[in-house]
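What the coordinates show
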Amino acid sequence: PMEAEAEARLLLQEARESIEAARSYRRELRHRLGGLQQARQQIRESATLTRDVLEQHFNDLKGTLKKLLDERLMSLLQEVDAIEQESIKPLDECQKLIEHGVSTADDLLQEGESAVHGDVGQQNEKLCNFTKKALHIQLDSLPEVPSLVDVPCLSAQLDDCLLTILKNEIFRHGTVASRPPVQLEEFVEKPGGILVRWCKVDDDFVPQDYRLQYRKSTASHFEDVYVGSETEFIVLHIDPNVDYQFRVCARGDGRQEWSPWSVPQIGRTTLVPHEWTTGLEGYSLSSRRNIALRNDSQSCGVLYSKAPTYFCGQTIETVGQPDRRDSLGVCVEQQNGYDSLQRDKAVCISTNGAVFVNGKEMTNQLPAVTSGSTVTFDMEVVQLGPSSNEGGNFKLRVTISSNNREVVFDWVLDQCCVSLYFGCSFSYPGWKVLVF
């Protein structure tokens, strides 16, 4: 009986496992069915959009082509009118001259016949007057009438090769692509921004430039955010926890037109943007409070970030005149009353390149921070003891990079630290600090 009961329990367990496997299998099938439906929807929507684009484009072409042909026809007709008027004008003048001559000749004939057939007593006087008038008119002088070969004969020269050229160009105009040559590859969250990466998926396509666009999920139009040859770009001024839609296209080498857009994808960041703390007399802040400028105030002190917003791999860009007392780095907490981050629970670099860990200067040194330099901080947790969350030693492996050089060291703390503050202090006015 015990064996039968154990066998029954085993069968029941196997049945339950099979049921769970069937549920998981059904779930996965439904998920894949949803993926197929999305793929079918993408094909249909993109096909509909492509049809609309093609119809609109060719309707525009037809309208433009008709307008151009009408304008050319009007120009040629005006040219015909001008030649006709210019050629007819001298003929009209000659016609008037001849008609006047015919009228004069009619009058002269009537006068001559009257003189010949008139009374004998007045005949001599009439004949004398008629003869004088006839000599005065110069009856042997006739106006020149141009021959047909000397006057314009208008015609239209219409070369049928235009139709052949247009036909060849039209048949080559436009293409339909089933897949864009570039696609979005990865979104990486950044504080107040998103690092967007894309890649080429068509081996035969040789890109010259890329064009990245984005829009809020609630917006109706995309806007350009990057055009260039790189395959990644950090889009800044992104609101946290808000969906943004991205798309990318490319321009082939030596070409002017852009490729079709990639499949739009959604990206978002949950990391709030860096902001400096307001109210410190020695610093002026930008409108977004992400750029700090050391002003002419004699007030000293450390400027801290508003919140512990350090994120691994963030870069600080600086501009200003260096001094050994300057500091630029990260710390566990805000501590007022200090003039520098060269203190406990902080790691920093001075603008002359010296590296300080918990207030102690390291032997390794980085190049001096010059105008436009960038300093990048990378950290990874190295746990010591059975648990780093129980008050034991807590170690961070820190990498500071500046001017193509870097130093690596372990930063030991007496407490677990999952977030850090930015901090900076400068002796001379004019320093500008941007965290991105």
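Residues numbered from 1 in each chain as written. Predicted model: local features only at pLDDT ≥ 70, side-chain atom pairs only at ≥ 80, totals over all residues. Heavy atoms only, no water.

The protein appears in an unreviewed UniProt entry as Cytokine receptor-like factor 3 from Asarcornis scutulata. Regarding the protein, the UniProt comment filed under Subcellular location (unreviewed entry) reads as follows: "Cytoplasm". What UniProt states about the protein under its Sequence similarities (unreviewed entry) heading is, verbatim, "Belongs to the cytokine receptor-like factor 3 family." (UniProt positions renumbered as here; feature names shortened; annotations may be inferred.)

By the definition in use, this model includes 18 salt bridges. The partner of glutamate 257 in a salt bridge is arginine 255, with the nearest N and O atoms 2.4 Å apart. The salt bridge involving lysine 345 is made with glutamate 333; its shortest N-O contact spans 3.8 Å. With a gap of twelve residues between them, lysine 345 in the loop between strand E12 (327–331) and strand E13 (346–349) and glutamate 333 in the loop between E12 and E13 connect regions that are remote in the sequence. Through salt bridges with shared partners, one network takes in Glu186, Arg197 and Glu232. (Salt bridge = Lys/Arg side-chain N within 4 Å of Asp/Glu carboxyl O. Helix = DSSP H or I, 4+ residues; strand = E, 2+ residues; numbered from the N terminus.)

What follows concerns the side chain of arginine 343. When you line up the elements, arginine 343 lands in the loop between E12 and E13. Summary of buried charges: arginine 343 has no salt-bridge partner, and the nearest side chain of opposite charge, glutamate 333, is 6.0 Å away. A distance of 3.0 Å separates a polar atom in the side chain of arginine 343 from the backbone oxygen of glutamate 333. Those residues within four positions of arginine 343 in sequence are excluded, and the remaining contacts are Tyr304, Cys331, Glu333, Gln335, Tyr338, Asn358 and Gly359. (Buried < 20%, exposed > 50% of the residue type's maximum accessible area, 1.4 Å probe, protein only. Lys, Arg positive; Asp, Glu negative; His and termini not counted. Polar contact = N/O pair within 3.5 Å; in protein donor to acceptor, adjacent residues only side chain to side chain. Contact = heavy atoms within 4.5 Å.)

Glancing now at a nonpolar patch on the surface. The grouping of Leu54, Phe58, Leu61, Leu162, Leu163, Leu166, Ile170, Phe171 and Val176 at the surface amounts to a nonpolar patch, some 850 Å² of accessible area in total. Put simply, the parts of the chain that give the nonpolar patch at least two residues each are helix H1 (2–116) and helix H3 (161–172). Examining the composition of the nonpolar patch, we find that five residues originate from one element, H3, more than from any other. Looking at where phenylalanine 171 falls in the secondary structure, it is placed in helix H3. Accessibility expressed as a relative area gives 65% for phenylalanine 171, which makes it exposed. (Patch = residues over 30% accessible without salt bridge, like charges linked within 9 Å, V, L, I, M, F, W, Y side chains within 5 Å. Areas by Shrake-Rupley, 256 points an atom, 1.4 Å probe, with all protein chains shown as cover.)

Residues given the UniProt feature "domain: Fibronectin type-III" (unreviewed entry) here are residues 180–273. Taken end to end, residues 180–273 comprises 0% helix and 53% strand; its first and last C-alpha atoms sit 33 Å apart.

Throughout the structure, instances matching the rule amount to eight aromatic pairs. Three or more aromatic residues joined by ring pairs form one cluster here, namely Phe187, Tyr214, Tyr244 and Phe246. Across from the ring centre of phenylalanine 222, 4.0 Å away, lies the NZ or CZ of arginine 247, which sits over that ring. Above the face of the tyrosine 283 ring, arginine 294 is positioned so that its terminal group lies 5.6 Å from the ring centre. (Phe/Tyr/Trp six-rings, centres within 6.5 Å; stacked < 30°, edge-to-face > 60°. Lys NZ or Arg CZ within 6 Å of the ring centre and 35° of its normal.)

Bringing unusual backbone geometry into the picture now. Positive phi is not limited to glycine here, since arginine 289 has a value of about 60 degrees. You can see arginine 289 is positioned in the loop between strand E8 (283–285) and strand E9 (291–294). Exposure remark for arginine 289: the relative accessible area of 32% places this residue in the partly exposed category. Of note, asparagine 358 is a non-glycine position whose phi angle comes to about 50 degrees, a positive value. Relative to the helices and strands, asparagine 358 resides in the loop between strand E14 (354–357) and strand E15 (360–365).

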